[in-house]
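Spelled out from the first residue to the last, the chains are:
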There are 2 protein chains.
Amino acid sequence: MAENKHEMILKAAQKLFAERGYDGTTVPMIAEEAKVGAGTIYRYFENKQKLVNELFRGSVAQFAATLRDGFPEEKDFREKFRHVFYRLIRYSREQPEAFRFINATVNAYFLDEQSKSDFEGFMDFIERHLDEGKEAGLLRALPAQAFIAIVYGTIFHLSRMFEDGTLEPSDELLAGLEKSCWDAISAD
Amino acid sequence: MAENKHEMILKAAQKLFAERGYDGTTVPMIAEEAKVGAGTIYRYFENKQKLVNELFRGSVAQFAATLRDGFPEEKDFREKFRHVFYRLIRYSREQPEAFRFINATVNAYFLDEQSKSDFEGFMDFIERHLDEGKEAGLLRALPAQAFIAIVYGTIFHLSRMFEDGTLEPSDELLAGLEKSCWDAISAD
DNA sequence: AATAATGGAATGAACGTTCATTCCGGATTT
DNA sequence: AAATCCGGAATGAACGTTCATTCCATTATT
């Protein structure tokens, strides 16, 4: 049953960090949510900051894997974009807490260097993908970062709305949004 | 000199809340930044939570005023959209701390009912504006909330990039982004 | 001189973290 | 097979620290 607790603590922390933020979440809160003693957390994590960084890197890795998994390497760019878009949406819906946690934590003062560079590596994956389309002349004459703002920014905001029920993620709506984002970045 | 301090405390709090979040900012930190004694803060604000809520409402009001000011009521919808887009950008650049603070705080657990409804009122302004364009058949068959996710989500993400220097907000880039957003929401 | 405003020391509550103790499943002895 | 022992996992009370808030001697205003 051992490594189960490690997982339970991370899961509890993720839920609370997503809801209340890092500083708004106390270690005893995490312990209660994970149904362990407060001291137990320190058997698995050196301290609160190491815990949040480990959680962050795990979430980013899972996020990146979601995007890479089944990536249509052989298909055309339009298809690749669709894949990334829908995987971003899927992750934000299947792991809303992780998604919210990642986005709330990206620029946090308590992230260590490894966490920051892990996240950069992830964004590079998206950026490389976009640059490819730009070189092929399929995308507008804008910096890749601008495309990221449009696509990632849109999905980030959408996920908030899906979470709080402001918007219902029907297949039709998602298809419309995918097209909107594509139209926003594609040339002509 | 009296009411100056009220303003200084709010300004200091805004800066720190934007940088470190509500729970990561201590009252003595705010006092030091505002160059007042810690106790002085409690002459102007009942407690930390009342302070953050007052700051939030003030920021939202200022934000809303920025959008409404000079709104081209008589011009066509395309022009109105351009106005809102550029004002959103302008606010995020001229008041980056306020913009960041608002977005980081919208869903926070410490917001009171008045703050929440103030923000809703602000979003309604944007939503009404979008609904108008939708009724005129200028926008796609998507919920207004979807347009908000695209436009506001994009601008929110952009502002992060402008702040940390990832992207340089040239007139050309902004014009390109405005067109991207318009293309993402406009029909056909 | 009286009154109000101020800063920062004082305070108690709550924090992250530690540690002496308890718990418990498996090995060892009877 | 029953009783005992064992070691690491788990615990939560307790520690020093830091927090939000209060208090009050001093300063500024009237």
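Residues numbered from 1 in each chain as written. Chains lettered and ligands numbered in written order. Predicted model: local features only at pLDDT ≥ 70, side-chain atom pairs only at ≥ 80, totals over all residues. Heavy atoms only, no water.

You'll find chain A entered in an unreviewed UniProt entry as TetR/AcrR family transcriptional regulator, with Bhargavaea changchunensis given as the organism.

A. A look at the packing of aromatic side chains. What the rule picks out here adds up to 35 aromatic pairs over all chains. When the ring of Tyr109 of chain B is compared with that of Phe110 of chain B, the centres are 5.2 Å apart and the planes differ by 80°; the resulting orientation is edge-to-face. In this structure Tyr109 of chain B comes out as partly exposed when scored by relative accessible area, which is 35%. Taking relative accessible area as the criterion, Phe110 of chain B reaches 7% and is therefore assigned buried. The side chain of Arg20 of chain B reaches across the aromatic face of Tyr109 of chain A, ending 4.3 Å from its centre. (Phe/Tyr/Trp six-rings, centres within 6.5 Å; stacked < 30°, edge-to-face > 60°. Buried < 20%, exposed > 50% of the residue type's maximum accessible area, 1.4 Å probe, protein only. Lys NZ or Arg CZ within 6 Å of the ring centre and 35° of its normal.)

B. Spatial organisation of the protein's contact with DNA strand C. Taken together, 17 residues are adjacent to DNA strand C, and Tyr42 of chain A together with Gly39, Thr40, Arg43 and Tyr44 of chain B come closest. Backbone sugar and phosphate groups make up 70% of those atoms of DNA strand C lying within 4 Å of the protein. Interatomic distance of 3.4 Å between a backbone N/O atom of Thr25 of chain A and a phosphate oxygen of DNA strand C. Side-chain polar atom of Tyr42 of chain A to a phosphate oxygen of DNA strand C: 2.5 Å apart, as the coordinates give it. With five residues, helix H3 (residues 38-44) of chain B is the single largest residue contributor to the surface near DNA strand C. The residue inventory of the surface near DNA strand C, partitioned by class, reads six nonpolar, seven polar and four charged. (Near = heavy atom within 4 Å. Polar contact = N/O pair within 3.5 Å; in protein donor to acceptor, adjacent residues only side chain to side chain. Helix = DSSP H or I, 4+ residues; strand = E, 2+ residues; numbered from the N terminus. Nonpolar A, V, L, I, M, F, W, Y, C, P; charged D, E, K, R; others polar.)

C. A look at the interface of chain B and chain A. Taken together, the contact between chain B and chain A spans 33 residues of the former and 33 residues of the latter. Summed over both sides, the interface between chain B and chain A buries roughly 2800 Å², with carbon and sulfur atoms accounting for 62% of that surface. Taken together, the links from chain B to chain A amount to two salt bridges. The interface formed by chain B and chain A includes eight residue pairs in polar contact (both at pLDDT 80 or more). Residue assignment for the side of chain B that touches chain A shows that the elements contributing at least two residues are helix H6 (96-105), helix H8 (144-164) and helix H9 (171-185) of chain B. The element best represented in the side of chain B that touches chain A is H8 of chain B, accounting for 13 residues. Its residues assigned to classes, the side of chain B that touches chain A shows 16 nonpolar, ten polar and seven charged. (Contact = heavy atoms within 4.5 Å. Buried area = accessible area lost by both parts, 1.4 Å probe. Salt bridge = Lys/Arg side-chain N within 4 Å of Asp/Glu carboxyl O.)

D. Main features of the side chain of Glu178 of chain A. Residues and elements named next belong to chain A. With respect to the element layout, Glu178 can be found in helix H9 (residues 171-185). Owing to a relative accessible area of 2%, Glu178 belongs among the buried residues under this scheme. Leaving out residues up to four positions away in the same chain, Glu178 has contacts with Arg78, Phe81, Arg82, Phe85 and Tyr86.

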